[in-house]
Structures are given as structure tokens and as C-alpha cells.
Amino acid sequence: MKDEQITAAYRQAQQRYQALGVDTEEALKKLAQTAISMHCWQGDDVKGFESPDIALSGGIQATGNYPGAATTPSQLRTDMEKAFEFIPGKKRMNLHAIYLDTDEKVERDQIEPKHFASWVEWAKEQNIGLDFNPTLFSHPLADDGFTLSHPDEKVRRFWIDHVKACRKISAYFGKELGTPSVMNIWIPDGMKDQTIDRLAPRERLISALDEAIAEKIDPNYHLDAVESKLFGIGAEAYTVGSNEFYLGYAATRGTALCLDAGHFHPTEVISDKISACSLYVQHLLLHVTRPVRWDSDHVVSFDDETQSIMREIVRNDLQDRVSIGLDFFDASINRIAAWVIGTRNAQKALLKAYLEPYQQLQQAEQAFDYTTRLALLEEAHSMPWNAVWDYFCQINDVPVGQAWLPLVKDYEATVLAAR
Ligand code: RNT
Ligand code: ZN
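The following paragraphs examine the structure supplied in this document. Computed from a predicted model, the values in this text were never measured in an experiment.

**Structural notes on the packing of aromatic side chains**
Overall, the coordinates contain 15 aromatic pairs when judged by the stated rule. Three or more aromatic residues joined by ring pairs make a cluster, and in this case those are Phe-116, Phe-132, Tyr-172 and Phe-173. Arg-373 extends its terminal NZ or CZ atom over the ring of Tyr-370, reaching a point 4.1 Å from the ring centre.

**Quick word on the packing of helix H5 (residues 153–177) against helix H6 (residues 200–212)**
The geometry of a pair of packed helices is captured by two quantities: the angle between their axes and the separation between those axes. One can describe the packing of H5 onto H6 by two numbers: an axis separation of 9 Å at closest approach and a directional angle of 35 degrees. For the crossing formed where H5 meets H6, the hand is right-handed. Taken together, the residues of H6 that come into contact with H5 (itself represented by Arg-156, Arg-157, Ile-160, Val-163, Lys-164 and Arg-167) are Arg-204, Ala-208, Glu-211 and Ala-212. Of the residues that constitute the contact of H5 with H6, the class distribution is four nonpolar, no polar and six charged.

**Observations regarding the pattern of salt bridges**
What the rule picks out here adds up to 21 salt bridges. Between Asp-45 and Lys-47 there is a salt bridge, with its nearest N and O atoms 3.7 Å apart. For Glu-215, the salt bridge identified is with Lys-168, shortest N-O distance 4.0 Å. Taken together, the residues Glu-215 in the loop between H6 and strand E6 (222–227) and Lys-168 in helix H5 connect sequence positions 47 residues apart. Residue Glu-215 is classed as partly exposed on the basis of its relative accessible area of 48%.

**Notes on the coordination of the zinc ion (ligand 2)**
On the protein side, the zinc ion (ligand 2) has Glu-227 (OE), Asp-260 (OD), His-287 (ND1) and Asp-327 (OD) as donor atoms, found 2.1 to 2.2 Å from it. Metal-centred angles of 72 to 171 degrees between the six donor atoms at the zinc ion (ligand 2) mark the site as octahedral. Positions of the donor residues of the zinc ion (ligand 2) along the chain correspond to the pattern E-x32-D-x26-H-x39-D. Placement of the pair is Asp-260 in strand E8 (residues 256–260) and Asp-327 in the loop between strand E12 (322–326) and helix H10 (335–354), with a sequence separation of 67 residues. Across this residue pair, the class does not change: Asp-260 and Asp-327 are buried.

**Description of the layout of surface pockets**
Taken as a whole, the largest pocket spans an internal volume of roughly 600 Å³. Residue lining of the largest pocket: 30 residues in total, with Ala-35, Arg-92, Gln-319, Val-322 and Ser-323 positioned closest to the centre. Residue contributions to the lining of the largest pocket peak at four residues, all from E12. Here the lining of the largest pocket is composed, by residue class, of 10 nonpolar, 13 polar and seven charged.

**Looking at the site of ligand 1**
Every residue near ligand 1 is listed here: Trp-41, Ile-60, His-96, Trp-186, Glu-227, Lys-229, Asp-260, His-263, His-287, Asp-295, Asp-327 and Phe-329. In this structure, His-263 approaches ligand 1 through a side-chain N or O atom, which is 2.9 Å from an oxygen atom. Notes on ligand 1: free accessible area 310 Å², of which the protein chains cover 100%. Under a 2 Å grid-point criterion requiring more than half of the atoms, the pocket assigned to ligand 1 is the largest cavity. Per-class residue counts for the shell around ligand 1 are four nonpolar, three polar and five charged.

**A few points about the nonpolar core**
With 118 residues, the main nonpolar core has Trp-119, Leu-148, Ile-185 and Met-310 as its most contacted residues. Discounting chain neighbours no more than four positions away, the residues touching Ile-185 are Pro-134, Leu-136, Leu-148, Val-163, Leu-209, Ile-213, Ala-225, Val-226 and Glu-227. Counting residues in hydrophobic clusters, the runner-up holds five residues, among them Val-182, Ala-225, Ala-256 and Leu-285.

Calculation rules
- Residues numbered from 1 in each chain as written.
- Chains lettered and ligands numbered in written order.
- Predicted model: local features only at pLDDT ≥ 70, side-chain atom pairs only at ≥ 80, totals over all residues.
- Heavy atoms only, no water.
- Phe/Tyr/Trp six-rings, centres within 6.5 Å; stacked < 30°, edge-to-face > 60°.
- Lys NZ or Arg CZ within 6 Å of the ring centre and 35° of its normal.
- Axes fitted to C-alpha atoms, helices over the stretch in contact; angles between N-to-C directions.
- Helix = DSSP H or I, 4+ residues; strand = E, 2+ residues; numbered from the N terminus.
- Left-handed = near helix turned anticlockwise from the far one by under 90°.
- Contact = heavy atoms within 4.5 Å.
- Nonpolar A, V, L, I, M, F, W, Y, C, P; charged D, E, K, R; others polar.
- Salt bridge = Lys/Arg side-chain N within 4 Å of Asp/Glu carboxyl O.
- Buried < 20%, exposed > 50% of the residue type's maximum accessible area, 1.4 Å probe, protein only.
- Donors = N, O, S within 2.8 Å, 3.2 Å for Na, K, Ca; no water.
- Tetrahedral: all angles 85-135°; square planar, octahedral: opposite > 155°, others 65-115°.
- 1 Å grid on protein atoms, 1.4 Å probe; cavity = no way out; pocket = protein on both sides within 12 Å on 5 of 7 lines; lining within 4 Å.
- Points joined across faces, edges and corners; volume = space filled by probe spheres on them.
- Near = heavy atom within 4 Å.
- Polar contact = N/O pair within 3.5 Å; in protein donor to acceptor, adjacent residues only side chain to side chain.
- Areas by Shrake-Rupley, 256 points an atom, 1.4 Å probe, with all protein chains shown as cover.
- Sits in = over half its atoms within 2 Å of the grid points.
- Core = buried A, V, L, I, M, F, W, Y, C linked by side-chain atoms within 4.5 Å.

Shown next as C-alpha cells:
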């Protein structure tokens, strides 16, 4: 499509939205300001660069063997830059501790900011903020299925020290880049089968976390977040860090709470948890992902739940209190395409939320006019929001519609195929 056609379609859409009392220019401005944190681990199936022979553990799985996965920090950066070329709007990048960039062999309780200096330089070049995660899986000391809640004090100590080391790195990101790094703590701890003592591991986890986050860090640099889960592969019966555990933890300790869309019962949705949790927790982190029958971490699709999540943020004006992160890892398709599809879908859902005729909907609801509410909501789906999206891509110099796909295919044929 030609530029003029896209602009003309946008102008028409703008008028139709105006008639509903929606300002598309305002929506575009807000979309441009709302960052999506793209996770580095889609680029290499959550392997990281600690050692080439480490297998992914912790009850999560990246299935598929599509060729061309990044195996070095510089390959991963080049791949992410390629994805960024096709993603309009504000981006951040989310790193895990196993993505350190160094030639020395360094244990996880010994990692330092210097091991991530190249990432900071890169983030400065890209003009993006960084987020961080300690890695409490894919390691021999996680093989018993316990880390911060391990019965052995020495194992707990190792992981506590790892989290402490990670907080320093996270604060370094925030300080260097002028935007707080959200550091998310997820642990795989749990049991496969009927569990006798469900309390003691939780008692150990609470005190390990308290110790790990005891040092005060300026919230302008770093925020701690904790992520709950329902179950993992091999931990089907019991998860130490359950939803209730972490909601209570975040509320009493003042940390952020991470809600992962794949970490609940299949009909339970995080979109409904955002407003409730926002009453008790100052900051929320979202892991936007698509669970297919289980926590399968499929690429984010433009589905009802993704749209509901974004609507909850926008309707309640929670942009400053909710960090939007992505968390999927599909190894069965081109990994750059996975990033592009998933991130653009999150942004499309966000834009659609910004274009909602919220005032009219709210008025209808307050007047108990549920007929109007449903009618307007359903009609809103076929409003020309996509013309606004195309225009957003155009003014941000990224391909409109599927035009990015052949460019990813070119990159696959030239760069990925040579790996
Ligand atoms: C696992 C959690 C966690 C991880 C990443 C790699 O179930 O969702 O967020 O996916 O940290
Ligand atoms: Zn997650």
C-alpha cells in the first residue's frame, strides 16, 4: 500500500472515531509512550551463554528445532535489532542472568555489572531500557527441584547470593539507562507428587526472599518483582511460590507482583486480576504470553485475553503502575518472526484499548444500560482501528501489514542460514 493511501485511510478512521468521542491522535501519542519489554530468551530457546551444554530445566520447555538460533551475545543482539526494525513504538529489553557476556567462567553468585556492560552499551545505542531476571534454573544446584526454598542451607545461600548479585546488576542497568529496571524473581521450586509438608518450603522461601532483597535500592534504578505459578513439568502437584504466596509477599513487602498469563488454571485470566491486585500492590509486571492447554508459552496472538489485559491497563489508567513484558519461547518457527508477531500483537491490543469509546461505555454501565454497553463494545471490534495501526507503523518507519515478512525471510536466507 502507498503512503498516501495509508494516510487517507487513517483520516477517515480519525473521523469515525471522532464521532464516538475518541481522539486518535491522543491514542497514537499514548501508544508511542507505552513500552513493551521484549524478552531476549525467544531468540535462543532460553539457553543463555553460560555454557553451550546446559539444558533448560525448571519445568519449562521450548519445543521445536527451527534452525538459526543465536548462540552468542552479538548474534542475539543482531537478531533483536532486526526484530526492532519491524516493531513500532517504545521498546525495552528483558535479560536473564544467563545471558552474561564474558569469556571468563563465572558462577551465578559471582556475577557483576561488568559481565553485562556490553548489553548496557547496546541498550544505549538502541535508546531502550533494560529489565532483568535472576536465573534460578538450568543449573546443577536447581536439580533437586528446589532453589530458594531448598532444605539445605548451602543451596539456599547460593541462590540468595545470586539474587543479591542480580539486584546490583539490575540497579546498574537502571542507573546507566535512566529508567528503572524491573527485576523479576521466578523460581521453579515444587514437587511432582503428593506433598506432605507444604508449609516448610514456603517458610524457607519467605525468609530467603527477605534476606535477598534486604538491601534498599533506589526505586529510580531498580524494582523487585515476584512471579507466581500454578505448576511446571515435573512439579505438577505443588508449587512453593503459588499465587497466594506471592500476592501476600508483594503486598506485605512492597515488591512488584508479576502476573504471567500462563500461570493459572486454564479458564482463569490475568486480565481480571489486574484491578484487584492494583488495590494491594503498587506495581505490577505482566508476562504476556499465550497458554495453549498448559503454560506452553506460545507466541502472543491478537486474542480476546490479550485485548482484555490491555483494556484493563488503559481503562484504569494504570500505565505507570503496570510494566508490560512478554514471555514466550517458540523454537518451531523463525525466532525473529516470533518476536515481531508477538510484540506487534501486544501493541495492536494496546492501541485498540486506547481507541475504545470509554466514556460512552462507562456512562452506559453507570446508567444500567447494559444493552448499549454490549452493542458499543461489539461494534468497536469492527471500527477501523487497523487503519490507525497501519498509520502508526508508517509514521514510525516500520513496514505496514505483512510487508515485514519477506524481510525476515531474507534475513533468514542470508544471516541465519549461515550459522
Ligand atoms: C516460567 C516463568 C518465567 C520464565 C522466564 C524465562 O514459567 O514464566 O517467567 O518463563 O523467566
Ligand atoms: Zn513468566
